[in-house]
Amino acid sequence: MGNPTGFINVGRALPTERDPSERLIDWLEVYEEIPLADVEQQASRCMDCGVPFCQSAKSEFAPVVAGCPVNNIIPEWNDLIYRGRWKDAIDLLHKTNNFPEFTGRVCPAPCEGACVLGINADPVAIKLHEKEIIDHAFKEGWVVAQPPSARTGKNVAVIGSGPAGLAAAAQLNKAGHMVTVYERADRIGGLLMYGIPNMKLQKELVQRRVDILAEEGIVFVTNTEVGKDISAAQLESDFDSVVLCVGATVPRDLPVEGRELKGVHFAMDFLKANTKSLLDSEHKDGQYINAQGKNVVVIGGGDTGTDCIGTSLRHQCQNAIQLEIMPCPPGQRSAENPWPEWPKRLLVDYGQKEAIAVQGQDPRQYLVMTKKIESDNQGHVKAVHTVHITWQRNDKGQMFPQEVAGSEKVIPADIVLIAMGFMGPEGGLIEQFGLEQDNRSNIAAEYDKFATSKPGVFAAGDGRRGQSLIVWAIDEGRRCAREVDTYLMGSSYLP
């Protein structure tokens, strides 16, 4: 690499976070901008490690083995950054990732978990570098529409405009096919638009990329639910191929007493309504679940739960806590979690940092199971009844929660948000197409083939693999596009 001692002489540094007292009164990004010279210095930490584990990941082992699912050529663009060759860096980055402005902000960076430097030091700030490459490229005007020079005469319908659908559409359009993307919401972007709050991903960035794709020739159709507004049979008749990128949108429910009470919501309903109202009217229309002055209990300890905490704090809630049934992760890698596996360790994300600043403590409570939700006798939630648990193993080796006697607790609650993950895709569309499903209710389609049980119909993203990362969705969309192109043309030049 350009600086052979960078990983020794330069320490890891990230952009400064905006003060919580400042950022909790708006919906802007959490981090300040970082000078390009500092990014170039950070890029010098990338070492000539021989085997760059950061840039590859095998689907059959994910998420145990880390690395970049889209196979970003990370060492090479780190070296280009260090040398100030930013234009070459974006050209190289775009060869493997259609949307680095998304992954550079919201991907958990499995690449950094597999960084060789991370064995005994802080890993290279790869996610930061990816974000800065694309942001600088847009500022310089290097990212422009590049419509295909010729068309094949083939038409492809893509159902769903999340990261998998957009990636598939972008690649198929590059191959010269006419692509129409159907989205049931009023805006394009799927999870990128309505599933991720503004402070993590500004929606102007999503729309900017969508506008470029439209300029390249992709047709976007919103407010249209396939299977309801247009039938599966009609699509199969009108298009040469159909790609299902419908996501895993069925939330895991909480089957306890009081689940039906007013004030109990799925996390995604809370987040989607908030973002839509913010974009439509800056919350002036009141068409969202307002947590202002209320006690908020979030059930679920993952990223979606954290987004609920951050959103509730921006509403100026009275208090917000996050309940997690699993044990608290260790502060560092355990012996059972060696490099290059994804590091399962305790992280304090933006939402927790904000809660600590406002409430004085981390909002997360571990090894807590919800027993019931109490009513105020007017049909509205009043409190959440919990108990602490330990995880035990039965005679079959299966883990089960054992309640701790005397640990019952009643937590005041005006809003309860269920953020326990997702079960799989919705079934109606799958039934209309007559597709086979796997034992987890996902659309049955082999990875790297993506062909469903019906000829000409393909599936990619969370609807095929189950709930996963945005970067895996982009990977699947790209790989699926290659298979669709081969199906239509007999061979494919797509990567």
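Preceding block: the structure.
Along each chain, residues carry numbers from 1 onward, in the same order as the chain's sequence is written. Confidence filtering applies because this is a predicted model: local features only for residues at pLDDT of at least 70, side-chain atom pairs given and counted only at 80 or more, and all residues used for totals across whole chains, interfaces and linings. To get the side-chain values, take all heavy atoms of the structure and skip hydrogens and water.

1. Thoughts on the overall build of the protein chain
Then, number 1: Counting from the N terminus, the helices are DSSP H or I runs at least four residues long and the strands are E runs at least two residues long. Across its full length, the protein chain carries 18 helices and 16 strands.
Then, number 2: Radius of gyration (C-alpha) of the protein chain: 23 Å, near the 23 Å computed for a compact globule of 495 residues.
Then, number 3: On the principal axes, the C-alpha backbone points of the protein chain span a range of 70 × 60 × 55 Å.
Then, number 4: Residues counted as buried form 51% of the 495 residues belonging to the protein chain.
Then, number 5: Note on contacts: a residue pair qualifies if any of its non-hydrogen atoms lie within 4.5 Å across the two residues. Looking at the protein chain alone, contacts between residues at least 24 apart form 68% of all its contacts between residues at least 6 apart.
Then, number 6: Accessible surface area values rest on a Shrake-Rupley calculation with a 1.4 Å probe, where residue burial reflects the displayed protein chains alone. For the protein chain, the accessible area works out to roughly 22,000 Å², and carbon and sulfur atoms hold 50% of it.
Then, number 7: Treating the 50 positive side-chain charges of the protein chain as one cloud and the 65 negative ones as another, the clouds have centres 1 Å apart. Only C-alpha atoms enter the radius of gyration; for comparison, a globular chain is expected to reach 2.2 Å times N to the power 0.38, where N is the number of residues. In this scheme, a residue with accessible area under 20% of its type's maximum is buried, one over 50% is exposed, and one in between is partly exposed, where area comes from a 1.4 Å probe on protein chains only. His residues and chain termini do not enter the charge count, which takes Lys and Arg as positive and Asp and Glu as negative. Lysine's charge is taken at NZ, arginine's at CZ, aspartate's at CG and glutamate's at CD.

2. Thoughts on the environment of Phe270
Then, number 1: With respect to the helices and strands, Phe270 occurs in helix H13 (residues 267–281).
Then, number 2: Sequence spacing of Phe270 and Thr311 is 41 residues, and the spatial spacing of their C-alpha atoms is 9.1 Å.

3. Details of the sheet that holds strand S6 (residues 264–266)
Then, number 1: Each pair of strands is called paired provided DSSP finds at least two bridges between the two strands. What the five strands build is an open sheet, ordered S6-S14-S7-S8-S9; its pairing is parallel. Single-partner strands in this sheet number two, and they are S6 and strand S9 (364–366). If you compare each strand with its neighbour and ignore which way they point, the axes differ by 20 degrees on average.
Then, number 2: By the bridge criterion, four bridges tie strand S7 (residues 295–299) to strand S14 (residues 415–418) in an arrangement that is parallel. In this analysis, axes come from line fits to C-alpha atoms, helices being fitted only over the stretch in contact, and the angle between any two N-to-C directions falls in the range 0 to 180 degrees.

4. Looking at the nonpolar core
Then, number 1: Core analysis: the largest hydrophobic core is formed by 75 residues, its most contacted members being Trp77 and Val243.
Then, number 2: At nine residues, helix H18 (residues 470–489) tops the list of elements feeding residues into this core.
Then, number 3: Those residues in contact with Trp77 that lie beyond four places of it in its chain are Asn72, Ala89, Leu92, Leu93, Ile126, His129, Glu130 and Ile133.
Then, number 4: What we call a nonpolar core is a set of buried Ala, Val, Leu, Ile, Met, Phe, Trp, Tyr and Cys residues that are connected through their side-chain atoms within 4.5 Å. One finds Ile430, Leu435, Ile443 and Ala445 within the second-largest nonpolar core, a separate group that totals 18 residues.

5. Some details on the side chain of Arg464
Then, number 1: Note that Arg464 resides in helix H17 (residues 462–465).
Then, number 2: Note on Arg464: relative accessible area 9%, which makes it buried.
Then, number 3: At 2.8 Å, the side chain of Arg464 and the backbone oxygen of Ala445 are in polar contact.
Then, number 4: Not counting chain neighbours up to four residues away, the residues in contact with Arg464 comprise Asp438, Asn442, Ile443, Ala445, Glu446, Tyr447, Phe450, Ala459 and Glu476. Polar contacts, as used here, are pairs of N or O atoms within 3.5 Å; protein pairs need one atom able to donate a hydrogen and one able to accept it. Residues neighboring in sequence count only if both atoms are side-chain atoms.

6. Examining the packing of helix H5 (residues 86–94) against helix H8 (residues 126–140)
Then, number 1: Here H5 crosses H8 at 110 degrees, and the two axes come no closer than 9 Å. Between H5 and H8, the angle falls in the class roughly perpendicular. The handedness of the crossing between H5 and H8 comes out as left-handed. Of the residues in H8, those in contact with Trp86, Ala89, Ile90, Leu93 and His94 of H5 are Glu130, Glu132, Ile133, Ile134, His136 and Ala137. Here roughly perpendicular refers to angles of 65 to 115 degrees, roughly parallel to angles under 35, roughly antiparallel to angles over 145, and oblique to all remaining angles. Each crossing is labelled by how the near helix is turned from the far one, with a counterclockwise turn of less than a right angle marking it left-handed and a clockwise turn marking it right-handed.

7. Describing the pattern of salt bridges
Then, number 1: Think of a salt bridge as a Lys or Arg side-chain nitrogen and an Asp or Glu carboxyl oxygen that are within 4 Å of each other. Considering all chains together, one arrives at 35 salt bridges under this definition.
Then, number 2: For Glu476, the salt bridge is made with Arg464, and the minimal N-O distance between the two is 2.6 Å. Here Arg464 lies in helix H17 and Glu476 lies in helix H18, a separation of twelve residues in the sequence. Here Glu476 matches Arg464 in class, with each residue buried.
Then, number 3: Arg482 is the partner of Glu483 in a salt bridge, and the nearest nitrogen-oxygen pair spans 3.7 Å.
Then, number 4: Accessibility expressed as a relative area gives 18% for Glu483, which makes it buried.
Then, number 5: Through salt bridges with shared partners, one network takes in Glu17, Arg23, Arg314, Lys353 and Glu354.

8. Concerning the sheet that holds strand S4 (residues 241–244)
Then, number 1: The strand order S3-S2-S1-S4-S16 describes an open sheet built from five strands, whose pairing is parallel. The open sheet has two edge strands, strand S3 (219–221) and strand S16 (457–459), and neither has a second partner. Averaged over all pairs of adjacent strands, the angle between strand axes in this sheet comes to 20 degrees, irrespective of strand direction.
Then, number 2: Summarising the sheet, S4 and S16 pair through three bridges and their orientation is parallel. Residue pairing in the sheet places Leu244 in a bridge with Ala459 of S16.
Then, number 3: Lying on the sheet, helix H9 (residues 163–174) is in contact with strand S1 (155–159), strand S2 (178–182), S3 and S4; it crosses S2 at an angle near 165 degrees.

9. Remarks on the environment of Asp285
Then, number 1: Here Asp285 lies in the loop between H13 and S7.
Then, number 2: Of the residues examined, Asp285 reaches a relative accessible area of 31% and is grouped as partly exposed.
Then, number 3: Between the alpha carbons of Asp285 and Leu93 there is a distance of 40 Å; along the sequence they are 192 residues apart.
Then, number 4: Residue contacts for Asp285: discarding those within four places in its chain leaves Ser277 and Asp280.
Then, number 5: Here Ser277 takes part through its side chain, which lies 2.5 Å from a polar atom of the side chain of Asp285.

The values are spatial; any link to function lies outside them.
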